[in-house]
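Fold and geometry: a report
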Amino acid sequence: MGNFERYLTLWVGLCIVAGVILGKLFPSVFEFIAQLEVAQVNLPVGLLIWVMIIPMLVKINFSALSQVKSHWRGIGVTLVINWLIKPFSMALLGWLLIRHVFADWLPADQIDSYVAGLILLAAAPCTAMVFVWSQLCKGDPYFTLSQVALNDAIMMVAFAPLVALLLGIASITVPWDTLITSVGLYIIVPVVLAQMIRKALLKQGPDALAKVSQQLGPFSIAALLLTLVLLFAFQGEAITEQPLVIGILAIPILIQVFLNSGLAYVLNRKLGVAHCVAGPSSLIGASNFFELSVATAISLFGFQSGAALATVVGVLIEVPVMLLVVGIVNRSQRWYEAGIASNGK
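For clarity, every value in this text was computed on a predicted model and none was experimentally measured.

Attention shifts here to the overall build of the protein chain. A tally of regular secondary structure across the protein chain gives 15 helices and two strands. For the protein chain, the C-alpha radius of gyration of 20 Å lies close to 20 Å, the compact-globule estimate for 345 residues. Over its C-alpha atoms, taken along the principal directions, the protein chain stretches across nearly 65 × 50 × 35 Å. Here the protein chain holds 345 residues, and 56% of them are scored as buried. For the protein chain, the separation between the mean place of its 17 positive charges and that of its 15 negative charges on side chains is 19 Å.

Structural data, given as structure tokens:
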């Protein structure tokens, strides 16, 4: 893990401070940036999202889907967590915690938007940072690659209907045209471009692909951080007036991480899956494609929305919490393998 990724939470914190200060000092500049839209898509943010996502997608090898059969149990567990449990349980947590338990501490006009942001965060499985988490827990790289490739393929067709269904259940109006546009701009087009770049680089050899991927990494994180500065420049007033909002939004996200990672880990153990597969399976089940969530939230609800803020909170806590989960997975390896041995007797 490089310094950018290792200290991502610190950089995000600094972006919060910088965005709030810049938003107060130069409000007209950020109002102008917010107006640069085409079909409800902000052009500067759209460009930043591409810079953010494409380097991550270049690493994805869709030919790895041929390996799905050899890891069918671990992949099955992860798919159930990612697509059947995590989005729906987050919608339930949003309804329970945001609409009811903490409603009195939140601005009433943003409650629906907060719930929408949490749903967007949970509906997009992680694609990039998973490789880091998998490496840290000595995960099987072929399983991780095939799982991520499968998730990306599913996301291209399932993300929009799933989000629309859950937002509809939450009684939140979904502009279908904007949602479909977001999927096209932030999933399909980046995947196609990334695979074209990958193919061109592989013609020069695998070393060229590895070198370029490493060089593009900092640009991806820098684009994420610049996007956050823009977000917090618009969210600054709401944050300074109600700082508890961030803490409240973090609660359902934290519950989700530990619930989904723990459930995936235990299910893999029950099924006798090797630890090198169960580790990344639990991490993929718990983490989110927060770059896509941020982009979609901005497109659907705008820079200043509670949805955008909720997805940004996901970025804020992702790294330290996932590192904690990695530590738990590593320290519990003997317990995990002892359980598999006893089940096999």
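Here the focus is the packing of aromatic side chains. The full count for this structure, using the stated rule, is three aromatic pairs. Members of the aromatic cluster, joined through ring pairs, are Y265, W335 and Y336.

This part is about the pattern of salt bridges. Under the criterion given, the structure shown has one salt bridge. A salt bridge links D112 to R99; the shortest N-O distance between them is 2.9 Å. Of the two residues, D112 is situated in helix 6 (residues 111-122) and R99 in helix 5 (residues 72-101); the sequence distance between them amounts to 13 residues.

Their axes nearest at 11 Å, the elements helix 6 and helix 11 (residues 244-270) cross at an angle of 35°. The hand of the helix 6/helix 11 crossing is right-handed. Of the residues in helix 11, those in contact with Y114, L118, L121 and A122 of helix 6 are V245, L249, P252, I253 and Q256. Here the residues of the contact of helix 6 with helix 11 sort into eight nonpolar, one polar and no charged.

Right, let's talk about the environment of I60 for a bit. In this fold, I60 is placed in the loop between helix 4 (43-58) and helix 5. Here I60 falls in the buried class, since its relative accessible area comes to 0%. Counting along the chain gives 200 residues from I60 to N260, while the straight-line C-alpha distance between them is 24 Å.

I98, M155, F159, L228, L231, L249 and L292 are the most contacted members of the largest nonpolar core, which has 114 residues in total. The dominant element in this core, judged by the number of residues it contributes, is helix 14 (residues 306-331), at 15 residues. Ignoring any residue separated from it by four or fewer positions in sequence, one finds F159 in contact with L120, A123, A124, I154, V183, I187, L292 and T296.

A separate point is the state of the cysteines. Tallying each qualifying case throughout the model produces zero disulfides. For C137, which is in no disulfide, the shortest distance to another cysteine sulfur is to C276 and amounts to 9.1 Å. C276 sits in the partly exposed class, given a relative accessible area of 31%.

For the rest of this paragraph, the subject is the side chain of S282. Looking at the element boundaries, S282 is found in helix 12 (residues 275-286). Polar side-chain contacts of S282 include one of 2.7 Å to the backbone oxygen of G279. Look past the residues within four positions of S282 in its chain and what remains in contact with it is S261, A264, Y265 and V329.

Next up on the list: helix 12. Compared with the 16 Å implied by 1.5 Å per residue over 12 residues, the 16 Å span of helix 12 between its first and last C-alpha is a close match. Taken together, the buried positions of helix 12 are H275, V277, A278, G279, P280, S281, S282, L283, I284, G285 and A286.

Okay, the side chain of S293 next. Mapped onto the elements, S293 comes out in helix 13 (residues 290-301). The contacts of S293, once residues within four sequence positions are left out, are L120, L121, A124 and T311.

In this section: unusual backbone geometry. Non-glycine residue K138 carries a positive phi angle of around 55°. For K138, the position within the fold is in the loop between helix 7 (129-136) and helix 8 (141-169).

What counts and how
Residues numbered from 1 in each chain as written. Predicted model: local features only at pLDDT ≥ 70, side-chain atom pairs only at ≥ 80, totals over all residues. Heavy atoms only, no water. Helix = DSSP H or I, 4+ residues; strand = E, 2+ residues; numbered from the N terminus. Rg over C-alpha atoms; globule rule 2.2 N^0.38 Å. Buried < 20%, exposed > 50% of the residue type's maximum accessible area, 1.4 Å probe, protein only. Lys, Arg positive; Asp, Glu negative; His and termini not counted. Charge placed at Lys NZ, Arg CZ, Asp CG, Glu CD. Phe/Tyr/Trp six-rings, centres within 6.5 Å; stacked < 30°, edge-to-face > 60°. Salt bridge = Lys/Arg side-chain N within 4 Å of Asp/Glu carboxyl O. Axes fitted to C-alpha atoms, helices over the stretch in contact; angles between N-to-C directions. Left-handed = near helix turned anticlockwise from the far one by under 90°. Contact = heavy atoms within 4.5 Å. Nonpolar A, V, L, I, M, F, W, Y, C, P; charged D, E, K, R; others polar. Core = buried A, V, L, I, M, F, W, Y, C linked by side-chain atoms within 4.5 Å. Disulfide = S-S within 2.5 Å. Polar contact = N/O pair within 3.5 Å; in protein donor to acceptor, adjacent residues only side chain to side chain. Expected span 1.5 Å × (residues − 1).

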